[in-house]
Amino acid sequence: MPKISVEIPAELLADLDEHVGDDGKFVNRSDAVRASIRKNLDLLDEIDARHDRLDGDRASTAAESRGGTDE
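All residue numbers refer to positions counted from 1 along the written sequence of the respective chain. Owing to the predicted nature of the model, reporting of local features is limited to residues with pLDDT of at least 70; listing and counting of side-chain atom pairs is limited to 80 or more, with chain, interface and lining totals taken over all residues. Derived side-chain values reflect all non-hydrogen atoms in the structure, with water molecules and hydrogen atoms excluded from consideration.

1. Examining the environment of Asp-48
So the rule is basically this: Only runs of H or I of at least four residues qualify as helices and only runs of E of at least two qualify as strands under DSSP, and these elements are numbered from the N terminus. Contact criterion: two residues are considered in contact whenever any of their non-hydrogen atoms come within 4.5 Å of each other.
Position of Asp-48 among the secondary structure elements: in helix 2 (residues 29–50). With residues near it in sequence (within four places) discarded, Asp-48 still touches Arg-53 and Leu-54.

2. Some thoughts on the layout of surface pockets
What counts is decided by this rule: A cavity, in this analysis, means grid points on a 1 Å lattice covering only the protein atoms where a 1.4 Å probe fits yet has no way out; a pocket is instead an open set bounded by protein on both sides within 12 Å along at least five of seven lines, and a residue lines either one if it has an atom within 4 Å of a point. Grid points are joined across faces, edges and corners, and a volume is the space filled by probe spheres set on the points.
By volume, the largest pocket amounts to about 500 Å³. Surrounding the largest pocket, 14 residues form its lining, Pro-2, Ile-4, Ser-30, Val-33 and Arg-34 being those nearest its centre. Breaking the lining of the largest pocket down by element, the ones donating at least two residues are helix 1 (10–17) and helix 2. Here the lining of the largest pocket takes five residues from helix 2, the largest share from any one element.

3. A word on helix 2
Threshold: Helix span, expected: 1.5 Å multiplied by one less than the number of residues in the helix. For each residue, the accessible area found with a 1.4 Å probe, counting protein chains only, is set against the maximum for its type, and the residue is called buried under 20%, exposed over 50%, and partly exposed in between. Relevant arc is that of directions from the helix axis to the C-beta atoms, nothing else.
If you check helix 2, its first and last C-alpha atoms are 32 Å apart, about what 22 residues at 1.5 Å a residue would give, namely 32 Å. Of the positions making up helix 2, those classed as buried are Asp-31, Ala-32 and Asp-45. The buried residues of helix 2 occupy one face: seen down the axis, they fall within an arc of 160 degrees. Just downstream of helix 2, Asp-52 is the residue with a positive phi angle, here 55 degrees.

4. Remarks on the packing of helix 1 against helix 2
Applicable threshold: Helix axes are fitted only over the stretch in contact, all axes being lines through C-alpha atoms; the angle between N-to-C directions runs from 0 to 180 degrees. Orientation is classified from the angle alone, with under 35 degrees giving roughly parallel, over 145 giving roughly antiparallel, 65 to 115 giving roughly perpendicular, and any other angle giving oblique.
Direction vectors running N to C along helix 1 and helix 2 enclose 100 degrees, while the axes themselves pass 10 Å from each other. If you check the angle between helix 1 and helix 2, you find them roughly perpendicular. Across the interface between the two elements, Leu-13, Leu-16 and Asp-17 from helix 1 touch Arg-29, Ala-32 and Val-33 from helix 2.

5. Some thoughts on unusual backbone geometry
Here Asp-52, not a glycine, exhibits a phi torsion of approximately 55 degrees, which is positive. Inspection of the secondary structure puts Asp-52 in the loop between helix 2 and helix 3 (56–66).

6. What about the pattern of salt bridges?
Note the threshold: Salt-bridge detection follows one rule: a side-chain nitrogen of Lys or Arg within 4 Å of a carboxyl oxygen of Asp or Glu.
Here the structure, examined in full by the defined rule, presents two salt bridges. Its salt-bridge partner being Arg-53, residue Asp-48 comes within 3.0 Å of it at the nearest N-O pair.

So this is what it looks like as structure tokens:
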């Protein structure tokens, strides 16, 4: 899996960290960021589909590729 580097404001990172760990929804920051990216891309595909900017095959293929495991 490729690695990337991003700069995130401290306030946003603190908010993210509230959802990570033993009591959080995510095991680690990477898991949280991947889930957030998937959700955002799914929403963008839905918007594009509503505006006929995305053909049906591409929308379903993109969503399926994001729905897999993080391996």
